[in-house]
Amino acid sequence: MPIPEDVTGDEIDKDVRQELQSLPKGLAEDVAKNLVMVAKLIDEDPEQAYEYSKIALRLASRVAAVREAAGFAAYANQKFSEALAEFRAARRMTGNVELWPVMADCERGLGRPEKALDMAGAPEVAKLDKAGQVEMRLVAAGARRDMDQLDAAIVTLQSPELASNSVQPWTARLRYAYADALLAAGREGEAREWFAKAVESDRDGSTDASDRLAEMDGVEFVDAFEGESDEAAPAPAPAPAAVAGPKAAAGDDDEPWVEDDEDVEEFYDEDDEEFEPENDKG
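Enquirer: Got a minute to help me understand the overall build of the protein in this structure?
Expert: Within the protein, the regular secondary structure consists of 14 helices and 0 strands. Ordered by position in the sequence, the α and β elements of the protein form the string α-α-α-α-α-α-α-α-α-α-α-α-α-α. When burial is assessed residue by residue, the protein has 43% of its 282 residues classed as buried. Of the contacts made within the protein by residues no fewer than 6 positions apart, 62% connect residues no fewer than 24 positions apart. Here the protein has roughly 15,800 Å² of accessible surface; of this, 46% comes from carbon and sulfur atoms.

Enquirer: Please explain the environment of Lys197 as it appears in this structure.
Expert: Locating Lys197 in the fold gives a position in helix H12 (residues 188–201). Expressed as a C-alpha distance, the spacing of Lys197 and Thr171, which sit 26 residues apart in the sequence, is 9.3 Å.

Enquirer: What should I look at first to understand the pattern of salt bridges in this one?
Expert: Any two side chains of opposite charge can pair, so long as their charged atoms come close to each other. Per the counting criterion, the structure on display carries 13 salt bridges. With its nearest N and O atoms 3.4 Å apart, the salt bridge here joins Arg88 to Glu107. Of the two residues, Arg88 sits in helix H5 (residues 80–94) while Glu107 sits in helix H6 (residues 100–109), which places them 19 residues apart along the sequence. According to the relative accessible area criterion, Glu107 is buried, its value standing at 1%. In this structure, the salt-bridge partner of Asp105 is Arg108, at a minimum N-O distance of 3.1 Å. Of this pair, Asp105 and Arg108 both sit in helix H6, 3 residues apart, roughly one helical turn. On the basis of relative accessibility, which here comes to 1%, the residue Asp105 falls in the buried class.

Enquirer: So what exactly am I meant to see when it comes to the packing of aromatic side chains here?
Expert: Aromatic ring pairs: the centre-centre distance and the angle between the two ring planes describe each pair. In this structure the tally under the stated criterion is 4 aromatic pairs. With centroids separated by 5.9 Å and ring planes inclined at 75 degrees, the aromatic side chains of Tyr75 and Phe80 adopt a geometry described as edge-to-face. There is no split in this pair, since Tyr75 and Phe80 are both buried. With 5.1 Å between their ring centres and 90 degrees between their planes, Tyr178 and Trp194 make a pair best called edge-to-face. Here Tyr178 is found in helix H11 (residues 171–184), whereas its partner Trp194 is found in helix H12, with 16 residues between them in sequence. Taken as a pair, Tyr178 and Trp194 share a single burial class, namely buried. A cation over a ring is seen here: Lys79 above Tyr50, with NZ or CZ 5.1 Å from the ring centre. Lying over the aromatic face of Trp194, Lys197 brings its terminal NZ or CZ to 5.1 Å of the ring centre.

Enquirer: How should unusual backbone geometry be read in this particular structure?
Expert: Note: most residues except glycine have negative phi, and most peptide bonds are trans. With phi around 60 degrees, Gln78 is a residue other than glycine that occupies positive phi space. Tracing the chain through its elements places Gln78 in the loop between helix H4 (64–76) and H5. By relative accessible area, Gln78 is classed as partly exposed at 35%. The backbone of Asp148 sits at a positive phi, close to 60 degrees, despite the residue not being glycine.

Enquirer: Explanation requested: the packing of H11 against H12 in the structure shown.
Expert: A pair of packed helices can be characterised by two numbers: the angle between their axes and the separation between those axes. One can describe the packing of H11 onto H12 by two numbers: an axis separation of 8 Å at closest approach and a directional angle of 165 degrees. Relative to H12, the element H11 is oriented roughly antiparallel. Between H11 and H12 the crossing geometry is left-handed. Every residue of H12 that contacts H11 at Thr171, Ala172, Arg175, Tyr176, Tyr178, Ala179, Asp180, Leu182 and Leu183 is listed here: Glu188, Glu190, Ala191, Trp194, Phe195, Lys197, Ala198 and Ser201. A breakdown of the residues in the contact of H11 with H12 according to their chemical character gives 10 nonpolar, 2 polar and 5 charged.

Enquirer: Honestly, the nonpolar core in this entry has me stumped. Any pointers?
Expert: Note on soluble globular proteins: their nonpolar side chains tend to be buried together. Membership of the largest hydrophobic core comes to 51 residues, with the highest contact counts inside it found for Leu20, Val31, Leu35, Val66, Phe87, Trp100 and Met136. Looking at this core, the elements with two or more residues in it are helix H1 (14–20), helix H2 (25–41), helix H3 (46–59), H4, H5, H6, helix H7 (113–120) and helix H8 (130–146). With near-sequence residues (within four places) excluded, Val31 lies in contact with Leu20, Leu23, Ala56, Leu59, Ala60 and Val66. Counting 22 residues, the second largest nonpolar core, distinct from the first, contains Leu138, Leu157, Leu182 and Ala198.

Enquirer: Just checking my understanding: could you explain H5 for this structure?
Expert: An α-helical turn contains 3.6 residues, so any two residues separated by three or four positions project in the same direction. In this model H5 runs 21 Å from its N-terminal to its C-terminal C-alpha over 15 residues, within 8% of the 21 Å that 1.5 Å per residue would give. Where H5 is concerned, the buried positions are Phe80, Ala83, Leu84, Glu86, Phe87, Ala89 and Ala90. Gly95, located one to two residues past H5, shows a positive phi value of around 80 degrees.

Enquirer: What am I meant to see in the packing of H6 against H7 here?
Expert: Direction vectors running N to C along H6 and H7 enclose 160 degrees, while the axes themselves pass 7 Å from each other. Relative to H7, the element H6 lies roughly antiparallel. H6 and H7 meet at a crossing whose hand is left-handed. Across the interface between the two elements, Trp100, Met103, Ala104, Glu107 and Arg108 of H6 pack against Pro113, Lys115, Ala116 and Met119 of H7. For the contact of H6 with H7, the per-class residue count stands at 6 nonpolar, no polar and 3 charged.

So, how was this worked out
Residues numbered from 1 in each chain as written. Predicted model: local features only at pLDDT ≥ 70, side-chain atom pairs only at ≥ 80, totals over all residues. Heavy atoms only, no water. Helix = DSSP H or I, 4+ residues; strand = E, 2+ residues; numbered from the N terminus. Buried < 20%, exposed > 50% of the residue type's maximum accessible area, 1.4 Å probe, protein only. Contact = heavy atoms within 4.5 Å. Areas by Shrake-Rupley, 256 points an atom, 1.4 Å probe, with all protein chains shown as cover. Salt bridge = Lys/Arg side-chain N within 4 Å of Asp/Glu carboxyl O. Phe/Tyr/Trp six-rings, centres within 6.5 Å; stacked < 30°, edge-to-face > 60°. Lys NZ or Arg CZ within 6 Å of the ring centre and 35° of its normal. Axes fitted to C-alpha atoms, helices over the stretch in contact; angles between N-to-C directions. Parallel < 35°, antiparallel > 145°, perpendicular 65-115°, else oblique. Left-handed = near helix turned anticlockwise from the far one by under 90°. Nonpolar A, V, L, I, M, F, W, Y, C, P; charged D, E, K, R; others polar. Core = buried A, V, L, I, M, F, W, Y, C linked by side-chain atoms within 4.5 Å. Expected span 1.5 Å × (residues − 1).

Function-wise, these values are silent; they only describe arrangement.
Take a look at the structure:
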């Protein structure tokens, strides 16, 4: 596949570049360029990103960064079995646990939410940084919903990270997931409140919280260009349930979260009265 002339391969992360040093120089450059294309296209054109990832994989299958990139490209195309295999391979090569949440989400994609919950309760979760633990919480809540355990999903999302006024890279998605679960449970007033909170924290447009909020308020948007083209734009592929987000180091006093049935039993009652979010005023 063609590589644009302005792509040099130098754009890749320094850690990935270091991994590629085990390859002959020319080969390393080719792999790097294909990895850059995967990163550039994975959101806007996941199918093309997937094709570039396959080339990189064919060239350097023994490089962990290549297996990881191939995993994310497959994941973005909802090829969950393939993604899981690549993530497992990358984890075997590196020994780290940062891919654990997305591996669990692949299990969800394969129709195995029970397996995802088992992973949420595994010792690996305690080794994740704060961002990884929040991601794991999102996956566990999604698994609960897959199993029609809506109340348990709501409780799973209730956490210090959700209640905090501090805006972190994961805040918008966590608030959005909580609002969506509340809405599914018929708790519309609370859902509207949390969609509004998600909008406040969604600085990079990672969710459609503003659209959901407008929909709840009965606001209709009119496309100014509607009717100018007879050919409808293709609908985007559904977003994966969870994607590993930016990392943030956990503080020394942070207690790692691990999914456990006792979490649900201890904190849930019919009105969820134990959970009191921090006051967002001021």
